[in-house]
Amino acid sequence: MRTQVAIIGSGPAGLLLGQLLHLYGIDNLILERKDRDYVLARIRAGVLEQGTVDMLDEAGVADRLHKEGLVHGGVELSFSGQRHRIDMKTATGGKTVTVYGQTEVTRDLMDARDAEGLTTIYDAADVSLHDFDGDRPRVRYTRNGVSHDITCDFIAGCDGFHGVSRQSVPADTLATFERAYPFGWLGILSDTPPVSPELIYTSHPRGFALCSMRSPMRSRYYVQCALDDRVDNWPDAKFWDELKRRVDPEAADHLVTGPSIEKSIAPLRSFVAEPMRFGRLFLAGDAAHIVPPTGAKGLNLAASDVRYLSLALREFYADGSHAGIDDYSRRALARVWKAERFSWWMTSMLHRFPDSDGFGGRIQLAELNYLVGSQAATTAMAENYVGLPF
Ligand code: FAS
Ligand code: PHB
């Protein structure tokens with residue numbers, strides 16, 4: 001089998017790249033190790049930057065997003081029992097974010113790919129990458145016990161943190177940078193009305209909490225939990241009680257509880273692999289970097305990688321220029337590290353660190369009070385949250 005670009009992974013990065021390449025007339029196929037339903041069942045991100053929305057518009061998959069997505073001009077910070085609204089729209093001259101679940105983004109992209117008759121090979125096992133240091137890279141996989149070879153011009157490793165692509169790169173050509181956090185997030189999805197029209201990030205001595213949503217009748221909540229905690233330690237009643245103890249009194253009074261339809265624990269990590277290009281192999285999205293979800297950057301960084309990579313490949317096929325593909329890693333990493341910084345800063349400010357002494361707690365409180373009391377600090381947070389320019 002032959003294609004121009006072989007994409008590994010059918011998450012948001014792989015699907016968005018495939019859609020844009022198709023629009024640019026570049027032949028591509030996606031290899032996905034799971035099946036479609038498994039990919040769609042993963043509940044993850046919820047907040048889209050304007051730049052990501054614009055890319056989904058360009059990809060022609062934003063109709064439902066514009067119908068069902070919730071446009072937010074602000075976000076609230078809650079600490080010391082009080083809520084403070086960060087007016088991002090005013091601070092950034094009109095920029096907003098859109099609340100629309102990653103699951104829906106993935107579904108829209110999958111539906112568009114099917115409608116265009118583009119190839120996604122699900123249940124692709126034992127994917128391996130070959131000869132990407134030359135100009136005739138190959139990808140091998142097995143399906144139903146039969147081995148298949150794909151020859152291509154380029155390989156896009158969009159297979160997430162645990163994927164095969166980054167692991168196929170010789171270890172001595174890769175530099176990695178990591179910060180593991182001593183806590184995780186326990187997340188719950190419930191068909192209940194959100195406690196507030198905008199997101200509420202809460203810092204509390206018992207730990208961080210986040211009140212988010214997916215629609216006017218579907219809420220997404222998180223509480224910080226111990227790294228070794230387990231979902232079955234958290235019956236719904238215990239989760240709701242803990243959330244009520246952490247959020248401000250007004251939110252606690254208005255919280256509508258109900259049965260969880262999904263409950264999971266995610267570890268928090270900052271991670272970057274450099275560079276993001278190895279000959280004819282390009283890494284994009286979680287395959288190259290991970291951010292703690294506190295800054296709502298993970299999915300949005302995948303989108304910006306895809307923007308740079310899709311434009312670089314369009315340039316290559318349109319006029320044979322290598323400029324874009326040669327500059328991809330530098331350009332993508334410049335934006336990745338700014339998002340890593342912001343996500344680390346939000347995580348450090350809002351979570352309770354088990355080994356923190358009194359000084360650390362006071363510094364966090366000072367950071368929060370300065371943030372809500374200074375227009376300059378508010379603007380700095382707002383411009384990062386809505387998304388820095390590409
Ligand atoms: P993904 O991991 O989404 O997709 C990679 C795909 O590659 C998967 O479908 C996988 O099955 C496939 N794959 C893996 N190995 C393969 C192989 N060897 N062969 C073929 N296919 C292979 N971000 C936020 O902004 N907010 C959040 O709240 C948030 N919560 C998260 C919770 C969890 C548990 C996780 C893991 C991530 C969360 N993220 C969040 C980040 C998340 O949204 C990612 O940034 C986003 O999924 C990145 O998309 P991709 O790069 O496409 O990677
Ligand atoms: C979510 O709705 O899942 C969500 C929102 C904002 C975050 C993280 C997760 O920072």
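Check the entry above for the structure.
Now for a description of the structure that goes with this document. The structure displayed is predicted, hence computed values, not measured ones.

Thresholds, definitions, all that
- Residues numbered from 1 in each chain as written.
- Chains lettered and ligands numbered in written order.
- Predicted model: local features only at pLDDT ≥ 70, side-chain atom pairs only at ≥ 80, totals over all residues.
- Heavy atoms only, no water.
- Pairing = 2+ DSSP bridges.
- Helix = DSSP H or I, 4+ residues; strand = E, 2+ residues; numbered from the N terminus.
- Axes fitted to C-alpha atoms, helices over the stretch in contact; angles between N-to-C directions.
- Near = heavy atom within 4 Å.
- Polar contact = N/O pair within 3.5 Å; in protein donor to acceptor, adjacent residues only side chain to side chain.
- Areas by Shrake-Rupley, 256 points an atom, 1.4 Å probe, with all protein chains shown as cover.
- Nonpolar A, V, L, I, M, F, W, Y, C, P; charged D, E, K, R; others polar.

Section: the sheet that holds strand β11 (residues 146–151)
Ordered by their spatial adjacency, three strands build an open sheet running β9-β10-β11, and the pairing between neighbours is antiparallel. On the outer flanks of this sheet lie β9 (125–130) and β11, each paired with one strand and no other. The sheet shows a mean angle of 15° between the axes of neighbouring strands, direction not considered. Bridging between strand β10 (residues 138–143) and β11 involves six bridges; their strand directions are antiparallel. For Arg143, the partnering residue across the bridge sits in β11 and is Val146.

A short note on the site of ligand 1
Around ligand 1, 30 residues are found, and the nearest of them are Glu32, Arg42, Arg44, Gln102 and Asp286. Separating an oxygen atom of ligand 1 from a backbone N or O atom of Ala13 is a distance of 3.0 Å. The side chain of Arg42 places a nitrogen or oxygen atom 2.7 Å from an oxygen atom of ligand 1. Protein chains shield 87% of the accessible area of ligand 1, which is 990 Å² for the free molecule. Elements that contribute at least two residues to the shell around ligand 1 include exactly α1 (12–23) and α9 (298–319). Across the shell around ligand 1, the residue classes break down as 14 nonpolar, eight polar and eight charged.

Observations concerning the site of ligand 2
Taken together, 14 residues lie around ligand 2, and Tyr201, Ser212, Arg214, Tyr222 and Pro293 are the ones closest in. Between ligand 2 and the protein, one listed contact pairs an oxygen atom with a backbone N or O atom of Arg44 at 3.4 Å. Starting from 280 Å² of accessible surface for ligand 2 in isolation, the protein chains cover 97%. Residue contributions to the shell around ligand 2 peak at three residues, all from strand β15 (residues 209–215). In terms of residue class, the shell around ligand 2 is made up of eight nonpolar, three polar and three charged.

Remarks on the pairing of β10
As paired elements, β9 and β10 share four bridges and run antiparallel to each other. By the bridge assignment for β10, His130 is matched with Arg138. Where β10 folds back on β11, the antiparallel hairpin that results is connected by two residues, among which Asn144 adopts a positive phi of roughly 55°.

Functional significance is not addressed by these values, which are geometric in nature.
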